[in-house]
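Listed below are the residues making up each chain.
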Amino acid sequence: MSVAALLIGLVAIFFGFVMEHLPVPDLIVWFQPLWVLVIITLLVFQAPSTFGLWLAVPLGLLMDAEQGTLLGTHVFTLAIHIFLVQLFFRRMEIFNVFQQLAVVLVLALLHQLLRFWLAQVLFDFAHPVDIWGPALSSAFVWPWLFALTRLLMHRFGR
Amino acid sequence: MPPYQGQRTLLICLLALALMWADQRYPFVQSLRYLSGYVLYPAQQLSLLPSSLAEWMGESTTSRRDLLDENKQLSARNLVLELKAQRLASLEAENIELRELLSASEQVDDKVLVTTVVAVDPDPFTKQILINKGGEDGVFIGQPVLDAYGLLGQVVDVLPHTSRVMMIADSNHAMPVQINRNGVRAIATGTGSLDRLELIYVPNTADIQEGDLLVSSGLGGRYPRGYPVAVVDKVEHNAGEMFATVTATPSAHLDRSRMLLLIFSQGAGQVPPEDLWRIPR
C-alpha cells in the first residue's frame, strides 16, 4: 500500500463526487456518467495493491447519502463491482481500448441493473433507474480517463 | 487477487443487505447518513462553484441604471404587498375573534426560514431538489416547503448543511387537498412531470370545475392548512366508472423558483421523526 497512490486516489474520488454533483443541462441529464464508479474501476485497475474491496464501504455509504438511496444499496453494488474488476484486471491489461470499453460498459450496466433490482426487491413500488444512458456514457469516458492516468503516471514516473 | 476475496465480497454484501434492512426500520441508522453529509459537503460546494461564480460576475457587472430600475420596481411591488398585508392584519384579527367565539384554537402565522435551491437531482425519474439549509438550521424530515406561489414539497432527507426536498410532482408523492370554493376533499398525487398533478378518488358527482383552486387541507398532519397547491385544468367525467379523471397544474413554480420557504408549523403540522420511520402494520 503506497501513501502516494492513496492520496492521489482520494483526490480523484473527491473530484468524482464533484463531477457527479455538477449541475448539467436537461439535454444530457439522461447521459450522466457514473463518475465515481469509473474512477473506482481505474484505481483498482492501476493500483490493485492499494485499492481493493475496502473502498466499497465508505464510498458506498457516501453515494447513498448523496443520491438519497437506501443506506447500503451502493455498498452492495460497489462490492460486487470491485470484485469483478479484480477478477478481470489481469486480462484487461492486455486488452485494447475498445475491448476495455466493452468491459466497462458491461460492468456499469450490471451496476445499474443491481441498483434497480435492489430497489424492486426492497420497496413495494418500483423506483425506475435509467440503465442504458449512464452506462453508455461511462464507457465513453473510460478511454479518456485511462489515457489521462497513463499520461500522469508516465510524467511523474512510477 | 488476494486470497478469500470471494468470501469477503459475500460478507460485505450481506452487511449491506443488513444495513438496508435496518435503514428501513430503525431511525438511528439515519445518523450514519447525517455523518456522510459532512464528508460530502466540500465536494458539493466545489461543484456549485461555477454557478455561484457566474452569479457573482452577473451581480458585480450589473449597471447602476439597471439596479435603480430594479429598485424602483421592487419598491412599487413592496407598496402593493404592504397594502395587502394591512388588510390581512385586520382580517386575521377578525378571524381570531371569530375563532374565539367558536372556542377553537387560534391559528397564528407560521414561522419560516428562507432557503435557496442549490441543485436539482440528476436522476430523471425523481423530482427532487437540494436546498442549502440542513439539520444544523433545524430542518426536519417531513417539513413543508413553499415558494412564493404555493406549496412546493416536503423535506425527505436531512444532511448537516443541505436537505433533499421531494416536490409535489414526484410520482411517489401524494397529499390531501380540498377545493377552496366549496371544501370538497381529494388527494393530489404527482405524475412525474412538473406541470401536472392528478386528483384521485374524486367521485363522478363531486362539484369540481376547471379553474378551481386546490388548497392543502391539513388532514395528513404533514402540511399546514390553507396553502395553495394547484389549479384544476381538466375534469373528465367517465360514464360507467366510479371516479372522475381530474388533472391540475401546480401553483408553485416547480421548475423556476430559486428562493424557497421552510415552514415551522405550530403544533399540528409536525410529525415527530420517530413516527415517520415507524412502518404501519
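Details of the structure are given in the entry above.
Just so it is clear, the model here is predicted, and its values are computed rather than measured.

## A closer look at the overall build of chain B
No. 1: For chain B, the count of helices and strands is 5 helices and 12 strands.
No. 2: Counting only C-alpha atoms and orienting by the principal axes, one finds that chain B spans roughly 75 × 65 × 40 Å.
No. 3: Taking all contacts inside chain B whose residues are at least 6 apart in sequence as the whole, residues at least 24 apart take part in 57%.
No. 4: Positive and negative charge centroids in chain B, built from 24 and 32 side chains respectively, lie 3 Å apart.

## Some details on the pairing of strand 4 (residues 151–158) of chain B
Residues and elements named next belong to chain B.
No. 1: Most of strand 4 is tucked away, with 7 of its 8 residues classed as buried.
No. 2: Where strand 3 (residues 144–146) folds back onto strand 4 in an antiparallel hairpin, the turn is made up of 4 residues.
No. 3: Inspection of the sheet shows strand 4 paired to strand 5 (residues 163–167) by 5 bridges, in the antiparallel sense. Each residue of the ladder has a partner; that of G153, found in strand 5, is M167.
No. 4: Remark: 4 residues form the turn of the hairpin made by strand 4 and strand 5, two consecutive strands paired antiparallel.

## Some remarks on the interface of chain A and chain B
Reports of interface size often rely on the accessible area that becomes lost once the parts have come together.
No. 1: Each partner contributes residues to the interface: chain A has 40 residues there, and chain B has 37 residues.
No. 2: Summed over both sides, the interface of chain A with chain B buries roughly 3400 Å², with 75% coming from carbon and sulfur.
No. 3: The largest per-residue losses of area from chain A upon contact with chain B belong to H21, L53 and L71 of chain A, which jointly make up 19% of the total buried on that side.
No. 4: In this assembly, chain A and chain B are joined by 0 salt bridges.
No. 5: On the surface where chain A and chain B come into contact, there are 6 residue pairs in polar contact (both at pLDDT 80 or more).
No. 6: Looking at side-chain class alone, the side of chain A that touches chain B contains 27 nonpolar, 9 polar and 4 charged residues.

## Structural notes on a nonpolar patch on the surface
Residues and elements named next belong to chain A.
No. 1: Residues L27, I28, W30, F31, W132 and L136 make up a contiguous nonpolar surface patch of about 690 Å² in total accessible area.
No. 2: Its place among the elements puts W132 in helix 6 (residues 132–156).
No. 3: Classification of W132 by relative accessible area gives exposed; the value is 53%.

## Quick word on the pairing of strand 9 (residues 213–216) of chain B
Residue and element names in this part refer to chain B.
No. 1: Sheet topology note: the strand 6 (residues 174–179)/strand 9 ladder contains 3 bridges and is antiparallel. In the sheet register, Q178 faces strand 9, and the bridge partner there is V215.
No. 2: In this sheet, strand 10 (residues 228–236) lies alongside strand 9 in antiparallel orientation, the contact comprising 3 bridges. The partner of L214 across the bridge, within strand 10, is A230.

## Details of empty space enclosed by the protein
To find leftover empty space, one rolls a probe the size of a water molecule over the atoms.
No. 1: Applying the stated criterion across every chain yields a total of 2 cavities of 30 Å³ or more.
No. 2: Considering the residues around the largest cavity, the lining is formed by A65 and E66 of chain A together with Q44, L130, D157, L159, T162, S163 and R164 of chain B.
No. 3: Where the lining of the largest cavity is concerned, the elements lending two or more residues are helix 3 (56–67) of chain A together with strand 5 of chain B.
No. 4: Broken down by class, the residue content of the lining of the largest cavity amounts to 3 nonpolar, 3 polar and 3 charged.
No. 5: Taken as a whole, the second largest cavity holds about 30 Å³ of empty space.
No. 6: Contributing to the lining of the second largest cavity are L37, V38, T41, H81, V104, L107 and A108 of chain A.

## Section: the sheet that holds strand 1 (residues 111–120) of chain B
Residue and element names in this part refer to chain B.
No. 1: What the 6 strands build is a closed barrel, ordered 1-2-5-4-3-12; its pairing is antiparallel. Between one strand axis and the next, the sheet turns by 45 degrees as a mean value, whatever way the strands run.
No. 2: One ladder, built from 3 bridges, connects strand 3 with strand 4; its direction is antiparallel. Opposite V145, over in strand 4, you have G153 as the bridge partner.

## Focus on the packing of aromatic side chains
No. 1: Counted according to the given criterion, the structure contains 11 aromatic pairs over all chains.
No. 2: Look at Y26 of chain B and F28 of chain B: their rings are 5.8 Å apart centre to centre, the planes differ by 25 degrees, and that puts the pair in the stacked class.
No. 3: The class of F28 of chain B is exposed, set by a relative accessible area of 59%.
No. 4: What links up through ring pairs into an aromatic cluster is the set F45, W142 and F146 of chain A.

## Considerations on the pattern of salt bridges
No. 1: Scanning the model with the defined rule gives 10 salt bridges over all chains in all.
No. 2: We note a salt bridge from R90 of chain A to E93 of chain A, for which the minimum N-O separation is 3.6 Å. Of this pair, R90 of chain A and E93 of chain A are both found in helix 4 (residues 73–94), 3 residues apart, which corresponds to roughly one turn of the helix.
No. 3: The residue D121 of chain B makes a salt bridge to R164 of chain B at a minimum N-O spacing of 2.5 Å.

## A word on unusual backbone geometry
All names here are of chain B.
No. 1: The backbone of Y4 sits at a positive phi, close to 60 degrees, despite the residue not being glycine.
No. 2: Relative to the assigned elements, Y4 resides in the segment before helix 1 (5–25).
No. 3: One non-glycine residue with positive phi stands out, namely Y201, at about 60 degrees.
No. 4: Mapped onto the elements of the fold, Y201 is located in the loop between strand 8 (197–200) and strand 9.
No. 5: On the basis of relative accessible area, Y201 is assigned to the exposed category, the value being 53%.

About the thresholds
Each chain carries its own residue numbering, running from 1 in the direction its sequence is written. Note on labels: chains are lettered from A, ligands numbered from 1, in written order. Only residues with pLDDT of at least 70 are given local features in this predicted model, and only at 80 or more are side-chain atom pairs given and counted; all residues enter the totals for whole chains, interfaces and linings. To obtain the side-chain values, all non-hydrogen atoms of the structure were used and water was disregarded. Here a strand is any run of E in DSSP of at least two residues, a helix any run of H or I of at least four, and the numbering for each starts at the N terminus. By the convention used here, residues are in contact when the closest approach between their heavy atoms is within 4.5 Å. Charge convention: Lys and Arg are scored as positive, Asp and Glu as negative, and His as well as the terminal groups of each chain are ignored. To locate a charge, take atom NZ for lysine, CZ for arginine, CG for aspartate or CD for glutamate. Only protein chains enter the accessibility calculation, which uses a 1.4 Å probe. A residue is then buried if its area is under 20% of the maximum for its type, exposed if over 50%, and partly exposed in between. Being paired, for any two strands, means DSSP has found at least two bridges between them. A 1.4 Å probe defines the accessible area here, and the buried area is the portion of it lost by two parts on being joined, summed over both. Whenever a carboxyl oxygen of Asp or Glu lies within 4 Å of a side-chain nitrogen of Lys or Arg, that contact is scored as a salt bridge. Think of a polar contact as two N or O atoms within 3.5 Å of one another; within protein, one of them needs to be a possible hydrogen donor and the other a possible acceptor, and neighboring residues in sequence only count if both atoms come from side chains. Lys, Arg, Asp and Glu make up the charged group, whereas Ala, Val, Leu, Ile, Met, Phe, Trp, Tyr, Cys and Pro make up the nonpolar group; the residues left over, Gly among them, are polar. Here a patch means residues that are over 30% exposed by relative accessible area and free of salt bridges, tied together within 9 Å if like-charged and within 5 Å if nonpolar (Val, Leu, Ile, Met, Phe, Trp, Tyr). Accessible surface area values rest on a Shrake-Rupley calculation with a 1.4 Å probe, where residue burial reflects the displayed protein chains alone. Think of a 1 Å grid over just the protein atoms. A cavity is a set of points where a 1.4 Å probe fits yet cannot get out, a pocket is an open set with protein on both sides within 12 Å along at least five of seven lines, and lining residues have an atom within 4 Å of a point. Grid points are joined across faces, edges and corners, and a volume is the space filled by probe spheres set on the points. Comment: axis = line fitted to C-alpha atoms, over the contacting stretch for helices; angle = value between 0 and 180 degrees taken between N-to-C directions. Pairing of aromatic rings covers Phe, Tyr and Trp, the last through its six-membered ring, and needs centres within 6.5 Å; plane angles under 30 degrees mean stacked, over 60 mean edge-to-face, and all others mean tilted.

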